[in-house]
Amino acid sequence: MSEPMLEVTGLKAWYGAAQILFDLTFQVGHGEVVALMGRNGAGKSTTIKTLMAMIARRAGTVRFLGEDISRLKAFEIARRGLGFVPEDRRIFSGLTVMENLDIGSQPARQFPDGRPAPSWTPEKLFALFPNLGRMTDRLGAHMSGGEQQMLTVARTLMGNPLLVLLDEPSEGVAPVIVEEMAATIIDLKKEGLSVLLSEQNIHFAELVSDRVYVLEKGQMQWQGRMSELAGDISVQRSFLSM
């Protein structure tokens, strides 16, 4: 499968009259973890939301598994196998853990070459997130921030995605949850899934990412292997330091 899972060309986005993204071009390969990095306000989360058609005014081409999805609606993109884990979690606080998982359920999928894609069940997810398995009847409103973050990822995986978009997975959660999230991303890669994550924490990104694109004010400023960025202090100071 030489064709990338996700191929983005000339991506632009606006909030009202203000342009936020400027001609972004990048791709994500099969079974690859790619990080979008940059300071607060660099355009990372806007990029993720634009890919999911959650930004009304946008331009450019987004191809997923070779199909142009640029003009599709968010629910149509999700049905193609592109999963989205939002930064603000957006669980259903009045529903239980099991009910949240049921809502995210979609049929099993195949990769373009006919191989079956990873298929997720509650039991498989509880092995990945043991804490959730111990609170299946707990309402979302009664969960901690870290538990809600786990539930958001688990609900997305119930959709059996081929590629997962993770928006700021380490933001605002306890260090132990950050470690669990890193282990989860590594497990997803082992399952054969592709992951595109927006992230500001270079230490977290270094644990899980193969490649990285660095944004500044909505423009691409650097790209390369994660190991290269980890060793390039000048790039880190230019585009990641506060």
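What you see is a predicted model; the values in this text were computed from it and never measured.

Below, the discussion takes up the packing of aromatic side chains. Tallying each qualifying case throughout the model produces one aromatic pair. Arranged with centres 5.6 Å apart and planes meeting at 55 degrees, the rings of F26 and Y213 form a pair that is tilted. Of this pair, F26 sits in strand β2 (residues 18-28) while Y213 sits in strand β9 (residues 211-216), and the two are 187 residues apart along the sequence. An identical accessibility class is assigned to F26 and Y213; each is buried. Its guanidinium or amino end placed over the ring of W120, K124 lies 4.5 Å from that ring's centre, counting from NZ or CZ.

Here we take up helix α1 (residues 44-51). The buried fraction of α1 is high, at seven of eight residues. Listed in full, the buried residues belonging to α1 are K44, S45, T46, T47, I48, T50 and L51. A53 lies just past α1 and shows a positive phi near 60 degrees.

Looking now at the pairing of strand β3 (residues 33-37). Judged by how many residues are buried, β3 sits mostly within the fold: five of five residues are covered. By the alternation rule, side chains of β3 split into V33, A35 and M37 and V34 and L36, which are all buried. Relative to strand β8 (residues 194-199), β3 runs parallel, the two sharing five bridges. Looking across to β8, one finds that L36 is bridged to S198. Both β3 and β9 contribute to a ladder of four bridges, which runs parallel. Opposite A35, over in β9, you have V212 as the bridge partner.

Pairing is mixed across the open sheet formed by six strands, whose spatial order is β6-β7-β8-β3-β9-β10. The open sheet is flanked by β6 (82-85) and β10 (219-225), the only strands paired with a single partner. Taking each pair of neighbouring strands and ignoring which way they run, the sheet shows an average axis angle of 15 degrees. Against the sheet, helix α6 (residues 145-157) engages β6 and β7 (163-167), with an angle of about 170 degrees to β6.

Rules of the game
Residues numbered from 1 in each chain as written. Predicted model: local features only at pLDDT ≥ 70, side-chain atom pairs only at ≥ 80, totals over all residues. Heavy atoms only, no water. Phe/Tyr/Trp six-rings, centres within 6.5 Å; stacked < 30°, edge-to-face > 60°. Helix = DSSP H or I, 4+ residues; strand = E, 2+ residues; numbered from the N terminus. Buried < 20%, exposed > 50% of the residue type's maximum accessible area, 1.4 Å probe, protein only. Lys NZ or Arg CZ within 6 Å of the ring centre and 35° of its normal. Pairing = 2+ DSSP bridges. Axes fitted to C-alpha atoms, helices over the stretch in contact; angles between N-to-C directions. Contact = heavy atoms within 4.5 Å.

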